[in-house]
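Chain by chain, the residues run as shown.
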Amino acid sequence: MASIDFWYEFASTYSYLATERIERAAAEAGVDVRWRPFLLGPIFAAQGWTTSPFNLYPAKGRHMWRDIERLVARAGLPPLTRPSPFPQNGLLASRLALIGLESDWTPAFSRAVFHAEFALGRDISKAETLADVLGSLGLNASALLGRARGDEAIKTLLKRETEEAKRRGIFGAPSFVTPDGELFWGNDRLEAAVEWTTAPRATAEALRVAGIES
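It should be emphasised that the depicted structure is a prediction, and the values quoted were computed from it without experimental measurement.

### Focus: the overall build of the chain
- A tally of helices and strands in the chain yields eleven helices and four strands.
- Radius of gyration (C-alpha) of the chain: 17 Å, near the 17 Å computed for a compact globule of 214 residues.
- Judged by the C-alpha coordinates and their principal axes, the chain covers about 55 × 40 × 35 Å.
- Put simply, the chain has 214 residues, and 46% of those count as buried.
- A separation threshold of at least 6 residues defines the contact pool for the chain, and within that pool the share at least 24 residues apart is 69%.
- When the accessible area of the chain is evaluated, it comes to approximately 10700 Å², of which 51% is carbon and sulfur surface.

Spelled out as structure tokens, the structure:
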């Protein structure tokens, strides 16, 4: 089965929307999803940014929040609650998501973290928030949080994943990378990425005929 790499960041508003949509879109196309949590902070820092571009450029930020409100309503999700501070620190959540890949609870955990952050307005950098998320999934919160804090292999893995994202040219989240290395950025490119994964040559030819640069 073809697979698509789903790179997402827990501080990312549009990653929130993508986590709610990607499994259905991929399943309908017969595509497997590889969940790849990573950190945007180091990537932004390499560009000289100290925070989200939505904070650096107020007009862009105002548009983003209104856009997210519209998209959340359209998707039938709970009304948006803006987390404070924004962006949130997703370090601990990302380590937990990597641990979850060992037992296949990463998708459910990731959706629950985003719900806590953007629907409930909770601070996902806090252990108690993540403990509640883990507990709601029937997982051993104390043991998992202890491992996320102390397991050097998991810490190293997250660093490596972030470096891999940078190596692949990823500059924002969500991003989707197809088996042939094509990079698609943004929640609104999810379907295009899945389509490319299932028929890359046909998609490339269709774009060429339409006069669109791939």
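### Things to note about helix H4 (residues 58–74)
- Counted at 1.5 Å a residue, the expected span for H4 with its 17 residues is 24 Å, and the 24 Å between its end C-alpha atoms agrees.
- For H4, every residue scored as buried is listed here: Gly61, Met64, Trp65, Asp67, Ile68 and Val72. Projected down its long axis, H4 shows its buried positions confined to an angular sector of 170 degrees, all on one face. In H4, those exposed residues whose orientation departs by more than 90 degrees from the buried face are Ala59, Arg62, His63, Ala73 and Arg74.
- In this fold, the buried residues of H4 make contact with helix H1 (13–29), helix H3 (53–56) and helix H6 (106–118).
- At the exit of H4 stands Gly76, carrying a positive phi of roughly 75 degrees.

### Looking at the packing of aromatic side chains
- Counting across every chain of the model gives 18 aromatic pairs.
- With 5.1 Å between their ring centres and 75 degrees between their planes, Phe6 and Trp35 make a pair best called edge-to-face. Taken as a pair, Phe6 in strand E1 (residues 3–8) and Trp35 in strand E2 (residues 32–37) lie far apart in primary sequence, 29 residues in all. Like Phe6, the residue Trp35 is buried in the burial classification.
- Considering the side-chain rings of Phe10 and Phe114, the 5.1 Å spacing of their centres and the 40 degrees angle between planes classify their relative orientation as tilted. With Phe10 in the loop between E1 and H1 and Phe114 in helix H6, this residue pair connects regions lying 104 residues apart in the sequence.
- A residue is classified by how much of its surface remains accessible, and Phe10, at 0% relative accessible area, is buried.
- On the accessibility criterion, Phe114 (0% relative accessible area) is buried.
- Chaining the aromatic ring pairs together yields one cluster made of Phe6, Tyr8, Phe10, Tyr16, Trp35, Trp105, Phe109, Phe114, Phe118 and Phe176.

### Focus on the packing of H6 against helix H7 (residues 127–136)
- For the pair H6 and H7, interaxial distance at closest approach is 10 Å and the crossing angle is 135 degrees. As the angle between them shows, H6 and H7 are arranged oblique. Crossing hand, H6 versus H7: right-handed. Listed contacts from H7 to Phe109, Ala112, Val113 and Ala116 of H6 are Thr129, Leu130, Val133 and Leu134.

Criteria and cut-off values
Residues numbered from 1 in each chain as written. Predicted model: local features only at pLDDT ≥ 70, side-chain atom pairs only at ≥ 80, totals over all residues. Heavy atoms only, no water. Helix = DSSP H or I, 4+ residues; strand = E, 2+ residues; numbered from the N terminus. Rg over C-alpha atoms; globule rule 2.2 N^0.38 Å. Buried < 20%, exposed > 50% of the residue type's maximum accessible area, 1.4 Å probe, protein only. Contact = heavy atoms within 4.5 Å. Areas by Shrake-Rupley, 256 points an atom, 1.4 Å probe, with all protein chains shown as cover. Expected span 1.5 Å × (residues − 1). Arc of directions from axis to C-beta. Phe/Tyr/Trp six-rings, centres within 6.5 Å; stacked < 30°, edge-to-face > 60°. Axes fitted to C-alpha atoms, helices over the stretch in contact; angles between N-to-C directions. Parallel < 35°, antiparallel > 145°, perpendicular 65-115°, else oblique. Left-handed = near helix turned anticlockwise from the far one by under 90°.

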